[in-house]
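# Close look at the chain arrangement
Residues per chain are reported as follows:
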Amino acid sequence: MHNTTAMLIELGAIILALGLLGRLAGRVGFSPIPLYLLAGLAFGHGGILPLQASEEFVATGAEIGVILLLLMLGLEYSASSLVTTLKTQYPSGAVDFVLNAAPGAVAALLLGWGPVAAVALAGVTWISSSGVIAKVLGDLGRTGNRETPVVLCVLVMEDLAMAVYLPILTALLAGVSLAGGSVTLLISLGTVGAVLYIALRHGRIVSRAVSSDNPEMLLLAVLGLTLLVAGVAQHLQVSAAVGAFLVGIALSEEVAEGAHGLLSPLRDLFAAVFFVFFGLHTDPADIPPVLLPALALAVVTMLTKIATGWWAARRAGIAPKGRWRTGGTLVARGEFSIVIAGLAVGTEPRIGPLATAYVLILVVLGPLTARWTEPLASRLTRRRSPDKPRNTVPVDQSEPVHAGG
């Protein structure tokens, strides 16, 4: 009884603190993710108020948080839109991978962490934060800009790549042999292909099976299906997160829209718990030694992400101002980087502190680069180029289109 009482008190204190921190972040205009990570550091081993009774419950909540994060991402996309994106935007995805995964891999090798850690850290530096970027686009009023679909295409390519990357990483971390890793990859690719086929050809059947006009029934059916598929996927070593993402893709737009509204509060709660849990397992004393490498890696990958966005927008025919806005918007890292580091920390504990510091830096810089990259680039360009007559200045075709005059 004593343990139950202590657990309730600790959980109440954590959730209340998260609510207050989220409110503070909203007032300041930043993502709450860095504050959640700092809260985890404060409540973790070596922190100010270490948890005792509720750590196991928080660990389970963190797993649910990852599953819900990926499910909600899957609900944003239809199978047809994903197939179209694959056909038209794969060069941008390839450039994104080369420019942003390479710094993480090189950094891990230079630090002497070995090839498995290099694969993990490559993922940490590669994937942008869809959640943070979506919020930034809304806050800056850019959802109608012509460059915004380019940003979304890059994010979709990264999300799809996770369906292949996470099983490979999981197999490597488990020490699976080359043959076993190949089987895992084939299972993953087969699962992704099967789900996309079912979603394209028979998506309405799946949606009809879980659809309901009763919000309670819809919530239970979608959440139960997601947890079931995530568990089966985990058993097959495909990754529970990928299983949840595929469930989201398989649901039709009507069901997806209803489920999105119902699951958003749960996603926000358990995602916050996940970030806290990651911080719990990072000793604050381990961060100062890796702060300089994390800062150097953040600067390098901030520049490579801006270059990625600029190239992708240029390929899509976006004007220069829109290209810079695209690059600056893609800088933020967040939930995926922490998910990957959380998987790898058991094999290479030093990844945890580095990833925490790295995400803290870029989740703060991301909204700033989204706002200021284009104005700074325009100012530097004007200084370097001679003055031009007013009637020769090109129109920025990346601005949103407004009806009327």
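Quick caveat: nothing in here was measured; it's all calculated off a predicted structure.

Mapped onto the elements, Ser92 comes out in helix α4 (residues 79-110). The residues touching Ser92, leaving out its near neighbours within four places in the chain, are Trp311, Ala312 and Arg315.

With that out of the way, let us pick up the packing of aromatic side chains. For the structure on display, the rule yields three aromatic pairs. Arranged with centres 4.9 Å apart and planes meeting at 70 degrees, the rings of Phe97 and Trp126 form a pair that is edge-to-face. Placement of the pair is Phe97 in helix α4 and Trp126 in helix α5 (residues 115-126), with a sequence separation of 29 residues. Taking the relative accessible area as the measure of exposure, Phe97 reaches 41% and is therefore partly exposed. Ring geometry for Trp310 and Trp324: centres 6.3 Å apart, planes at 55 degrees, overall tilted.

On to the packing of helix α9 (residues 215-235) against helix α10 (residues 240-250). Interhelical geometry of α9 versus α10 gives an angle of 140 degrees and a closest axis separation of 7 Å. The angle between α9 and α10 falls in the class oblique. Viewed along their axes, α9 and α10 form a crossing whose handedness is right-handed. Residue-level inspection shows Leu225, Thr226, Val229, Ala230, Ala233 and Gln234 of α9 in contact with α10, the latter providing Ala240, Gly243, Ala244 and Val247. When the residues that make up the contact of α9 with α10 are grouped by side-chain class, the tally is seven nonpolar, three polar and no charged.

What counts as what
Residues numbered from 1 in each chain as written. Predicted model: local features only at pLDDT ≥ 70, side-chain atom pairs only at ≥ 80, totals over all residues. Heavy atoms only, no water. Helix = DSSP H or I, 4+ residues; strand = E, 2+ residues; numbered from the N terminus. Contact = heavy atoms within 4.5 Å. Phe/Tyr/Trp six-rings, centres within 6.5 Å; stacked < 30°, edge-to-face > 60°. Buried < 20%, exposed > 50% of the residue type's maximum accessible area, 1.4 Å probe, protein only. Axes fitted to C-alpha atoms, helices over the stretch in contact; angles between N-to-C directions. Parallel < 35°, antiparallel > 145°, perpendicular 65-115°, else oblique. Left-handed = near helix turned anticlockwise from the far one by under 90°. Nonpolar A, V, L, I, M, F, W, Y, C, P; charged D, E, K, R; others polar.

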